[in-house]
Amino acid sequence: MGGLRIGHGYDVHRLVEGRPCIIGGVDIPHERGLLGHSDADVLAHALADALLGAARAGDIGALFPDTDPAFAGADSLVLLGRAMAHIRQLGFELLDADCTIACQEPKITPHRDAMRKNLAAALGVELDQIGVKATTTEGLGWEGEGAGIGAWAVCILEKR
């Protein structure tokens, strides 16, 4: 039986010194980076959670637990690809995804197209199926204060 499913994902990582700032698979030059067990790619994590949620397949933490040393420093685009492979095994295909990144800095717009390309490649989908945009939160909240970066993603899956 076919049908559409919607999924929503959210992730946040603290900005700290001594870590790379990898968002959407792009290593963005910045004096601070994202803290996490893997490479802490907040955008890839939010999108993976949206996909897994739409398929009713748990979340990224269940699939790739941060207690497992095998995922220490892991490339989140690889994890995203593995999550998509799992979704496909369950009989789903991605129709569309849209993502939002919230941070005061670094500036996202110069890297947006590269992020879209990286995410589409990791998922094995067309570029026009992936949207990425950003907001600064106008200096408000922990994102606006520069304490961390948050990302949201929504997706639509189709059961094949």
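By the naming in an unreviewed UniProt entry, the chain goes by 2-C-methyl-D-erythritol 2,4-cyclodiphosphate synthase and is assigned to Collinsella ureilytica. The Subunit (unreviewed entry) comment attached to the chain in UniProt states, word for word, "Homotrimer." The UniProt entry for the chain carries this comment under Sequence similarities (unreviewed entry): "Belongs to the IspF family."

Draft legend 1. Expanded view of the environment of Val-78. Its place among the elements puts Val-78 in helix 3 (residues 76-89). Taking the C-alpha atoms as reference points, Val-78 and Arg-160, 82 residues apart in sequence, are found 24 Å from one another.

Draft legend 2. Structural context of the layout of surface pockets. Counted as a void, the largest pocket has a volume near 250 Å³. Surrounding the largest pocket, 14 residues form its lining, Ser-38, His-45, Ile-60, Phe-64 and Asp-66 being those nearest its centre. Elements supplying a minimum of two residues to the lining of the largest pocket: strand 1 (3-16) and helix 2 (60-63). Considering each element in turn, the lining of the largest pocket owes the most residues, three residues, to strand 1. Partitioned by chemical class, the residues of the lining of the largest pocket number six nonpolar, six polar and two charged.

Draft legend 3. Quick peek at helix 4 (residues 112-123). With twelve residues, helix 4 ought to run about 16 Å at 1.5 Å a step, and its terminal C-alpha atoms sit 17 Å apart, in line with that. If you check which residues of helix 4 are buried, you get Met-115, Arg-116, Leu-119, Ala-120, Ala-122 and Leu-123. The buried residues of helix 4 occupy one face: seen down the axis, they fall within an arc of 165°. For helix 4, the exposed residues set more than 90 degrees away from the buried face come down to Lys-117 and Ala-121. Contact partners of the buried residues in helix 4: strand 2 (21-23), strand 3 (26-28), helix 1 (42-54), helix 3, strand 5 (92-102) and strand 6 (130-135). Immediately downstream of helix 4, the backbone of Gly-124 shows phi near 70°, a positive value.

Draft legend 4. Layout of the UniProt feature "binding site: a divalent metal cation" (unreviewed entry) in the chain. UniProt marks Asp-11, His-13 and His-45 with the feature "binding site: a divalent metal cation" (unreviewed entry), using the numbering shown here. The greatest C-alpha distance among the annotated residues, which extend across 35 residues, is 10.1 Å, indicating that they converge on a single site. Of the annotated positions mentioned, Asp-11, His-13 and His-45 line the largest pocket. Note that His-13 resides in strand 1. When neighbours within four sequence positions are excluded, His-13 is seen to be in contact with Leu-34, Leu-35, Gly-36, Ala-40, Val-42, His-45, Gly-148 and Ile-149.

Draft legend 5. Broad picture of the state of the cysteines. The tally for this structure, following the rule as stated, stands at zero disulfides. Left unpaired, Cys-21 is separated from the closest cysteine sulfur, that of Cys-103, by 7.5 Å. We classify Cys-21 as buried; its relative accessible area is 2%.

Draft legend 6. Representation of the pattern of salt bridges. Considering all chains together, one arrives at four salt bridges under this definition. As a salt-bridge pair, Arg-112 and Asp-113 come within 3.6 Å of each other at their nearest N and O atoms. Arg-112 gets classed as partly exposed once you look at its relative accessible area, which sits at 30%. For Glu-158, the salt bridge goes to Arg-160, with nearest N and O atoms at 3.4 Å. Take Glu-158: its relative accessible area is 27%, and that puts it in the partly exposed class.

Criteria and thresholds
Residues numbered from 1 in each chain as written. Predicted model: local features only at pLDDT ≥ 70, side-chain atom pairs only at ≥ 80, totals over all residues. Heavy atoms only, no water. UniProt positions renumbered as here; feature names shortened; annotations may be inferred. Helix = DSSP H or I, 4+ residues; strand = E, 2+ residues; numbered from the N terminus. 1 Å grid on protein atoms, 1.4 Å probe; cavity = no way out; pocket = protein on both sides within 12 Å on 5 of 7 lines; lining within 4 Å. Points joined across faces, edges and corners; volume = space filled by probe spheres on them. Nonpolar A, V, L, I, M, F, W, Y, C, P; charged D, E, K, R; others polar. Expected span 1.5 Å × (residues − 1). Buried < 20%, exposed > 50% of the residue type's maximum accessible area, 1.4 Å probe, protein only. Arc of directions from axis to C-beta. Contact = heavy atoms within 4.5 Å. Disulfide = S-S within 2.5 Å. Salt bridge = Lys/Arg side-chain N within 4 Å of Asp/Glu carboxyl O.

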